[in-house]
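Chain by chain, the residues:
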Amino acid sequence: ALICVMCVMFLNWMVDRAIDKIPVSWENSLGEVVASSIDGTEITDPKVVKPVQAVLDRVLAAAGEQPYTFKLHVVRNSQVNAMAAPGGHVIVYSG
């Protein structure tokens, strides 16, 4: 059990070091790929997008300064779900 705990701690330490080495530009590029491959049609109707953007704005205000420009994608899809993609992409399915 002690060896497992030590392995997990070492893995967490390694991940923390690796994350600091990934350029924001790489994350932005990956996020663009993820956002462009979402299943559904992006909704642009302000009546739908503005309330969701307001919630995101409150979360971002509480999060403090970030190295990303956040982009909200509200997508028409039968799933009720949301996810964050690299580079500041926030994807919310309409349900």
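Above this text sits the structure in question.
Residues numbered from 1 in each chain as written. Predicted model: local features only at pLDDT ≥ 70, side-chain atom pairs only at ≥ 80, totals over all residues. Heavy atoms only, no water.

Enquirer: So what exactly am I meant to see when it comes to the overall build of the protein chain here?
Expert: What the protein chain contains, in helices and strands, is 3 helices and 4 strands. In the protein chain, the succession of α and β elements from N to C terminus is α-α-β-α-β-β-β. For the protein chain, the C-alpha radius of gyration of 17 Å lies well beyond 12 Å, the compact-globule estimate for 95 residues. Out of the 95 residues in the protein chain, the part that is buried amounts to 20%. When contacts within the protein chain are restricted to residue pairs at least 6 apart in sequence, those whose partners lie at least 24 apart make up 51%. Taking the average location of the 7 positive side-chain charges in the protein chain and that of its 9 negative ones, the two points are 6 Å from each other. (Helix = DSSP H or I, 4+ residues; strand = E, 2+ residues; numbered from the N terminus. Rg over C-alpha atoms; globule rule 2.2 N^0.38 Å. Buried < 20%, exposed > 50% of the residue type's maximum accessible area, 1.4 Å probe, protein only. Contact = heavy atoms within 4.5 Å. Lys, Arg positive; Asp, Glu negative; His and termini not counted. Charge placed at Lys NZ, Arg CZ, Asp CG, Glu CD.)

Enquirer: I tried to follow the pattern of salt bridges on my own but got confused; where do I start?
Expert: Side-chain pairs of opposite charge can arise where the charged atoms are in close proximity. Applying the stated rule across the entire model yields 1 salt bridge. Its salt-bridge partner being K71, residue E42 comes within 3.8 Å of it at the nearest N-O pair. Here K71 lies in strand β2 (residues 71-76) and E42 lies in strand β1 (residues 41-42), a separation of 29 residues in the sequence. Relative accessible area serves as the criterion here: at 34%, E42 is assigned to the partly exposed category. A residue is classified by how much of its surface remains accessible, and K71, at 42% relative accessible area, is partly exposed. (Salt bridge = Lys/Arg side-chain N within 4 Å of Asp/Glu carboxyl O.)

Enquirer: How should I be thinking about the packing of aromatic side chains in this particular structure?
Expert: For any pair of aromatic rings, the description rests on two quantities: the centre-to-centre distance and the angle between the ring planes. Under the defined criterion, the tally for this structure stands at 2 aromatic pairs. Look at F10 and W13: their rings are 6.0 Å apart centre to centre, the planes differ by 25°, and that puts the pair in the stacked class. Of this pair, F10 and W13 both sit in helix α1 (residues 2-19), separated by 3 residues, roughly a single helical turn. Ring centres of Y68 and F70 lie 6.1 Å apart, and the angle between their planes is 80°; on these two criteria the pair is classed as edge-to-face. On the basis of relative accessible area, Y68 is assigned to the partly exposed category, the value being 22%. Taking relative accessible area as the criterion, F70 reaches 30% and is therefore assigned partly exposed. (Phe/Tyr/Trp six-rings, centres within 6.5 Å; stacked < 30°, edge-to-face > 60°.)

Enquirer: Would you mind going over the nonpolar core with me for this structure?
Expert: The nonpolar side chains of a soluble globular protein tend to be buried with one another. I43, V49, L56, L72, V74 and V90 form the largest nonpolar core, which has 6 residues in total. The residues contacting L72, other than those within four sequence positions of it, are E42, V49, V52, Q53, L56, V90 and V92. (Core = buried A, V, L, I, M, F, W, Y, C linked by side-chain atoms within 4.5 Å.)

The values reported here are purely geometric and, on their own, carry no functional implication.
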